[in-house]
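# Notes for the structure review
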Amino acid sequence: MQPRFADASEAGANGPTPPEPQGYRMGEYRAPTPATLEGAEVIDVTEAERLWRDKGAAFVDVLPRAPRPKDLPAGTVWRPKPRDDIPGSLWLVDTGYGALPPAMEAYFEAGLEEATGGDRSRPVVLYCQRDCWMSWNAGKRAVALGYTGIRWFPGGTDAWGEAGLPLERAEPQNRPDE
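Per chain, residues are indexed from 1 in the order of the written sequence. In keeping with the predicted nature of the model, local features appear solely for residues at pLDDT of at least 70, side-chain atom pairs appear and are counted solely at 80 or more, and the whole-chain, interface and lining totals rest on all residues. Side-chain numbers here rest on the full set of heavy atoms in the structure, without hydrogens or water.

## Quick notes on the packing of aromatic side chains
Stacked, tilted and edge-to-face pairs are distinguished by plane angle, under 30 degrees for stacked and over 60 for edge-to-face with tilted covering the rest, among Phe, Tyr and Trp rings (Trp via its six-membered ring) whose centres lie within 6.5 Å. Across all of its chains, the model carries 6 aromatic pairs by this definition. Seen in terms of ring centroids, Y127 and F153 are 6.4 Å apart; in terms of plane orientation they differ by 55 degrees. Their pairing is tilted. In this pair, Y127 is assigned in strand 5 (residues 124–127) and F153 in the loop between strand 6 (150–152) and helix 4 (156–162), connecting sequence segments 26 residues apart. Note on accessibility: Y127 and F153 belong to one class, buried. Counting from the N terminus, the helices are DSSP H or I runs at least four residues long and the strands are E runs at least two residues long. Under the scheme applied here, a residue whose accessible area is under 20% of the maximum for its type counts as buried, over 50% as exposed, and between as partly exposed, the area being computed with a 1.4 Å probe on protein chains only.

## Details of the nonpolar core
Here, nonpolar core refers to any group of buried Ala, Val, Leu, Ile, Met, Phe, Trp, Tyr and Cys residues whose side-chain atoms link them within 4.5 Å. Ranked by size, the top nonpolar core spans 31 residues in total, and within it V60, V62, F108, V124, L126, A142 and I150 carry the most contacts. Of all elements in the fold, only strand 2 (58–61), strand 4 (90–91), helix 2 (102–116), strand 5, helix 3 (133–144) and strand 6 reach the threshold of two or more residues within this core. The residues contacting L126, other than those within four sequence positions of it, are V60, V62, S135, A138, G139, A142, I150, R151, W152 and F153. Formed by 13 residues, the second largest nonpolar core is a distinct cluster that contains L51, I86, V125 and L165. Pairs of residues are marked as contacts when any of their non-hydrogen atoms sit within 4.5 Å.

## A short note on the side chain of T33
Assignment of secondary structure puts T33 in the segment before strand 1 (41–42). For T33, a relative accessible area of 10% puts it in the buried group. In this structure T33 touches P16, T17, P18, D131, C132, W133, W152 and P154, once residues within four positions along its chain are discounted.

## Re the side chain of D85
One can find D85 in strand 3 (residues 83–85). Two N or O atoms count as a polar contact when they lie within 3.5 Å, although within protein this holds only if one can serve as hydrogen donor and the other as acceptor, and sequence-adjacent residues are included solely when both atoms are side-chain atoms. A polar contact is formed between the side chain of D85 and the side chain of Y127, at a distance of 2.4 Å. Sequence-distant contacts of D85, that is, excluding residues within four places in its chain, are made with D61, W91, Y127, T157, P166, L167, E168 and A170.

## Digging into the sheet that holds strand 6
Working definition: the strands of a sheet are paired by backbone hydrogen bonds and lie parallel or antiparallel to each other. Read from one edge to the other, the open sheet built from 5 strands follows the order 1-6-5-2-4, with strand pairing classed as parallel. Both edges of this open sheet fall to strand 1 and strand 4, since each of them pairs with a single strand only. Two strands qualify as a pair provided DSSP detects at least 2 bridges between them.

## Notes on helix 1 (residues 45–53)
The set of residues buried in helix 1 consists of A48, L51 and W52. Down the axis of helix 1, the sector holding all buried residues measures 100 degrees, keeping them to one side. Each element contacted by the buried residues of helix 1 is listed here: strand 2, strand 5, strand 6 and helix 4. Two or three places before T46, at the opening of helix 1, D44 has a side-chain oxygen 3.2 Å from that residue's backbone nitrogen. Directly beyond the C-terminal end of helix 1, a positive phi value near 55 degrees is found at K55. Think of the arc as the fan of directions from the helix axis to the C-beta atoms.

Right, here's the structure in full:
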């Protein structure tokens, strides 16, 4: 099946490292990602760890998580899937999809504003998991919003954990629909 992009002419070939598309990835988010992200610096786990230890960047996770169903009967126990995250990260769930409703766009913008203290040049590390387009889309979106210090960490928590670095149980920033 061919990957879907906002601009289908940029879909490229199915390969281990696809070319960078012009538009956002619109589906099949768990797949190999490009090696580049225009307007952002692509970093590996060594650089991510250095930034984390030096407190040289804000860390923002964009991994999706299903919201609590609105029609659950009273008293029903809801147990969302747990997430172990890079300590100190801000988790902005569902902000890596190719198209976001206006409320989720505003949630992402407000989260970046909080993470950077309003300084659009402050380094921000965006990530989720390996082979996940969510962080690539979020990085592209942050660059489009005028953030100049974007670091994309495509290895995400997979590479972080494999490197023996600490992870901690996380809860996401409250979504606008919760």
